[in-house]
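Structural overview
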Protein chains: 2
Amino acid sequence: MLLDNMSIKKSDTRSRVRDAVLSLVADTPETALRMVDIAKRAGISRQALYLHFATRTDLLIATTLYVDEAKDIDARLAASRTAISGEARLDTYIDAWGNYIPEIYGIARVLLALKESGDEAAAAAWDSRMAAMREGCTAAINALKTDGRLSPAYPRGRATDLLWTMLSVHNWEHLTIDCGWSQKAYIANLKISARQLFVVAEEGE
Amino acid sequence: MLLDNMSIKKSDTRSRVRDAVLSLVADTPETALRMVDIAKRAGISRQALYLHFATRTDLLIATTLYVDEAKDIDARLAASRTAISGEARLDTYIDAWGNYIPEIYGIARVLLALKESGDEAAAAAWDSRMAAMREGCTAAINALKTDGRLSPAYPRGRATDLLWTMLSVHNWEHLTIDCGWSQKAYIANLKISARQLFVVAEEGE
DNA sequence: CCGTCAATTGACAGATTGTCAAGTAATTTA
DNA sequence: TAAATTACTTGACAATCTGTCAATTGACGG
């Protein structure tokens, strides 16, 4: 049908544009991507970008959501919910999220820079993603609490805040890029740290 | 003498401009300070800013250094070196740096945003400040090691990296602003966390 | 053959940084 | 007192980037 062709074609160029953003982000350390460069890489004119995305911010947010979808973040994070014990849940959550970060880091940097330069839409998009991530932290801490294995050093809310902070993209960036840790070392050390901070020995052990 | 008057007057306007930046930063959540607004607040014309600072980046870096000097960061961090035990040193360092962060947070945000938008001079200025801060982390971890109280969970370099990351401005921002922790709670919890992560019980206790 | 629609092209407004040249007002120097 | 110096002002302008608009092109379906 006609409508099908239209929507297919439309979404085709949209995808090419988002891929262009991702390819640019992968190629350059710049976070200040210019519309003209994105257009060039997508093989269309700069003005044509505005036929698909209202603003630069819109385009960058859409690209972020696109990556989330493509990498199926929801499913990967949800998998950690199947873990039986609180400890296992903490570990699998660190695995799931910690290994997700490098996949979104490129576009996340761009979105973060946009947020930090005062863009409210970008801030809202980023904060909503981080709120979703916090859910997993809450769940992991709650599971520990249920098992009676949550350290008494912090009330539940504080423990969640701390875990949430430890798992931030900025910390991943600092440890892997600034400190040179491998991804494997990052994951391993975060698991160790989280256990030291939040998990106490099982009762009657 | 003539030269004296000149340098006094010149440095007077320079100071007014830097104060204008700080006052703007305190007033607005914006990191994208415009030259015209800075000039207005300093009571001079926009173009006159360039008589004192070569570029916007230069001005913002100079303001950061000015705050460092005014708040005497060096002296405050150096004080932690007088602590006797490694444990005390860790605590006093967290106190010194952790309580310094809120004083520089405003201008630090601006410099960080500049760095993250790809400004190399801003990045160099920021990185050099953070390298200086890392020195204190290294010293604290080394002091613990000397006392035989450093946790075997991490080699010295890893422990330093972790402490350095924990004390980052981004983490302070996340915990106090995003999570709503008071400054007092921030300091107290960071001390607890650092002990849990890095300090082991004294031998023969 | 005629619409429709994505995309192109050229032009332009608006914001912002940075530069330049000419002028002004106060202070210093001779 | 007259000339020179200094900090600053004002107006103009280049360059860059985002976003908008109007006119046009080219393909494709019916």
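Residues numbered from 1 in each chain as written. Chains lettered and ligands numbered in written order. Predicted model: local features only at pLDDT ≥ 70, side-chain atom pairs only at ≥ 80, totals over all residues. Heavy atoms only, no water.

Remarks on the overall build of chain A
Inclusion rule: Helix numbers and strand numbers start at the N terminus; a helix is a DSSP run of H or I with at least 4 residues, a strand a run of E with at least 2. Each residue is assigned to one of three classes by its accessible area relative to the maximum for its type, calculated with a 1.4 Å probe on protein chains only: buried under 20%, partly exposed between the two thresholds, exposed over 50%. Only heavy atoms enter the contact rule, under which two residues are in contact if any of them lie within 4.5 Å. Reported accessibility uses the Shrake-Rupley method at a 1.4 Å probe radius. Residues are deemed covered only where the shown protein chains occlude them. In this tally, Lys and Arg are treated as positive and Asp and Glu as negative; His is ignored, and so are the chain termini. Every charge is mapped onto a representative atom, which is NZ of Lys, CZ of Arg, CG of Asp or CD of Glu.
On a plain count of helices and strands, chain A comes out with 9 helices and 0 strands. Along chain A, helices and strands appear, N-terminal first, in the series α-α-α-α-α-α-α-α-α. Referenced to the eigenvectors of the C-alpha coordinate spread, the extents of chain A come out at roughly 70 × 45 × 30 Å. Looking at chain A residue by residue over its 205 residues, the buried ones come to 50%. Looking at chain A alone, contacts between residues at least 24 apart form 68% of all its contacts between residues at least 6 apart. When the accessible surface of chain A is totalled, it reaches about 9800 Å², and 54% of it is carbon and sulfur. Taken as two groups, the 25 positive and 27 negative side-chain charges of chain A have centres that lie 4 Å from each other.

Let's talk about the nonpolar core
Selection criterion: Here, the term nonpolar core denotes a set of buried Ala, Val, Leu, Ile, Met, Phe, Trp, Tyr and Cys residues that are joined through side-chain atoms within 4.5 Å.
One finds Trp97 and Phe198 of chain A together with Trp97 and Phe198 of chain B to be the most contacted residues of the largest nonpolar core, which totals 130 residues. When residues no more than four places from it in sequence are discounted, the contact partners of Phe198 of chain B are Ile141, Leu144, Arg149, Leu150, Ser151, Tyr154, Ala159, Leu162, Leu163 and Met166 of chain B.

Describing the confidence of the model for chain A
Condition: Values of pLDDT, which run from 0 to 100, indicate the predictor's confidence residue by residue.
For chain A, per-residue confidence averages 92 on the pLDDT scale, and 93% of positions sit at 70 or higher. Note on residues 1-9 of chain A: pLDDT under 50 across the span, and 0 contacts to partners over four residues away in sequence or across chains.

Describing helix 2 (residues 35-42) of chain B
All names here are of chain B. Just so we agree on the cut-off: This arc is built from the directions going out from the helix axis to the C-beta atoms.
Taken as a whole, helix 2 has its buried residues at Met35, Ile38, Ala39 and Ala42. Down the axis of helix 2, the sector holding all buried residues measures 100 degrees, keeping them to one side. Where helix 2 terminates, the next one or two residues include Gly43, which has phi positive at roughly 75 degrees.

Here's the deal with the interface of chain A and chain B
Accessible area lost upon the coming together of the parts serves often as the stated size of an interface. Selection criterion: For any pair of parts, buried area is found by adding up, for both, the accessible area (1.4 Å probe) each one loses once the two are put together. Salt bridges are identified by distance alone: a Lys or Arg side-chain nitrogen within 4 Å of an Asp or Glu carboxyl oxygen. The term polar contact refers here to a pair of N or O atoms within 3.5 Å; inside protein, the definition further demands a hydrogen-donor-capable atom paired with an acceptor-capable atom, and it admits residues adjacent in sequence only when both atoms are side-chain atoms. Gly falls in the polar group here, along with every residue not listed as nonpolar (Ala, Val, Leu, Ile, Met, Phe, Trp, Tyr, Cys, Pro) or charged (Asp, Glu, Lys, Arg).
The partner chain B presents 26 residues to the 26 residues of chain A that form the contact. At the boundary of chain A with chain B, total buried surface from both sides reaches about 2600 Å², with 54% on carbon and sulfur atoms. Across the contact surface, chain A and chain B share 0 salt bridges. Here chain A and chain B share 14 residue pairs in polar contact (both at pLDDT 80 or more) between them. Put simply, the parts of the chain that give the side of chain A that touches chain B at least two residues each are helix 5 (86-116), helix 7 (156-166), helix 8 (169-178) and helix 9 (183-198) of chain A. If one sorts the elements of the side of chain A that touches chain B by residue count, helix 9 of chain A sits on top with 6 residues. Its residues assigned to classes, the side of chain A that touches chain B shows 12 nonpolar, 11 polar and 3 charged.

Regarding the state of the cysteines
Counted only if it meets this: Cysteine sulfur atoms that come within 2.5 Å of each other are treated as a disulfide pair.
Counted by the stated rule, this structure contains 0 disulfides over all chains. Considering cysteine sulfurs only, Cys137 of chain B is the nearest to Cys179 of chain A, which forms no disulfide, with 9.7 Å between them. Accessibility expressed as a relative area gives 19% for Cys179 of chain A, which makes it buried.

Section: the protein's contact with DNA strand D
Our working definition: Throughout, near means a residue has at least one heavy atom within 4 Å of the molecule or strand.
Close contacts around DNA strand D come from 18 residues, with Arg34 and Arg46 of chain A together with Thr13, Ser45 and His52 of chain B the closest. When the atoms of DNA strand D within 4 Å of the protein are sorted by group, sugar and phosphate make up 54%. Arg34 of chain A places a polar side-chain atom, nitrogen or oxygen, 2.8 Å from a phosphate oxygen of DNA strand D. Within the contact set of DNA strand D, a phosphate oxygen lies 2.7 Å away from a side-chain nitrogen or oxygen of Ser45 of chain B. Class assignment of the residues belonging to the surface near DNA strand D gives a composition of 7 nonpolar, 7 polar and 4 charged.

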